[in-house]
Amino acid sequence: MGLICRVEITGSEKLPRQGAFVLAPNHVSEFDPLVVALAVWRMGRAPRFMAKESLFRVPVLGWVLRATGMVPVARTASAAAARQTIEASQTLVAHGRGVIVYPEGSLTRDPDLWPMRGKTGAVRLAMAGGIPVVPVAQWGVQEILPRYGKLSLWPLRKRVRLAVGDAVDLSAYAADTTQPAALAAATDAVMAEVAALLAEIRGEKAPAARWNPADHGQKETGRLES
């Protein structure tokens, strides 16, 4: 990774040095999980991700995911999924672990690569255990691997900037964690902080409204609906 890119981190002191946390980055490239993981490692914490639960049922891979502390997540809204979220949150707290959760759920579909509308998974996980949500913005990875593009390694050590923000105060929504409106509002608060951090890195003003795939006939995969 050190040969591929030069990662510059600002705000590293804002990542908790111990205890549980949920890290919420923007998502502009298939390559950026490696950059975010590297940054978290350099900041002194073990990088763990939330992964869809079906992967945990794959032989060998499932064992590796569990052994390395990755967190399973159900892609459907159900009572079982809610219990899984609570159990995952309790595990994070009990072991003092952090987890990286992309609140957008997939690569941004915004034409200018701004953060799009978020999903509630990150805040549900955090609020279930009173865990801080730390917003992160990263920029420059798209020069290494453009969204749905081809890998470009030359020139080596391309500049990638990553900014860590203050934990988002979600106390105003804590009393209504079962209400979809409260979870959506808490998610919007997180995404607003991520967008603000990215605006600082890019030196541009973020859009007033975030891209919503549903408004543009897109599924989570980003493919047009038939």
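Described in the following lines is the structure provided in the data block.

Thresholds applied
Residues numbered from 1 in each chain as written. Predicted model: local features only at pLDDT ≥ 70, side-chain atom pairs only at ≥ 80, totals over all residues. Heavy atoms only, no water. Pairing = 2+ DSSP bridges. Helix = DSSP H or I, 4+ residues; strand = E, 2+ residues; numbered from the N terminus. Axes fitted to C-alpha atoms, helices over the stretch in contact; angles between N-to-C directions. Contact = heavy atoms within 4.5 Å. Salt bridge = Lys/Arg side-chain N within 4 Å of Asp/Glu carboxyl O. Buried < 20%, exposed > 50% of the residue type's maximum accessible area, 1.4 Å probe, protein only.

**Focus on the sheet that holds strand S6 (residues 133–139)**
Strand order in the open sheet made by the 5 strands is S1-S7-S6-S2-S5, with mixed pairing throughout. The open sheet terminates on both sides in strands that have one partner only, identified here as strand S1 (5–10) and strand S5 (98–100). Put simply, the sheet's adjacent strands are angled 25° from each other on average, direction ignored. Looking at chain direction, strand S2 (residues 21–25) and S5 are connected through 3 bridges and run parallel. Counted as the bridge partner of Val22 is Val99 from S5. The strands touched by helix H5 (residues 180–202) within the sheet are S2, S6 and strand S7 (158–164), with S6 carrying the most contacts at an inclination of about 35°.

**Overview of the pattern of salt bridges**
Counted by the stated rule, this structure contains 4 salt bridges. Between Glu8 and Arg159 there is a salt bridge, with its nearest N and O atoms 3.0 Å apart. Here Glu8 is found in strand S1, whereas its partner Arg159 is found in strand S7, with 151 residues between them in sequence. Looking at Arg159, the relative accessible area reads 43%, which means it is partly exposed. The shortest N-O distance in the salt bridge between Glu204 and Arg202 comes to 3.5 Å. On the basis of relative accessible area, Glu204 is assigned to the partly exposed category, the value being 41%. Because the salt bridges share partners, they merge into one network encompassing Arg6, Glu8 and Arg159.

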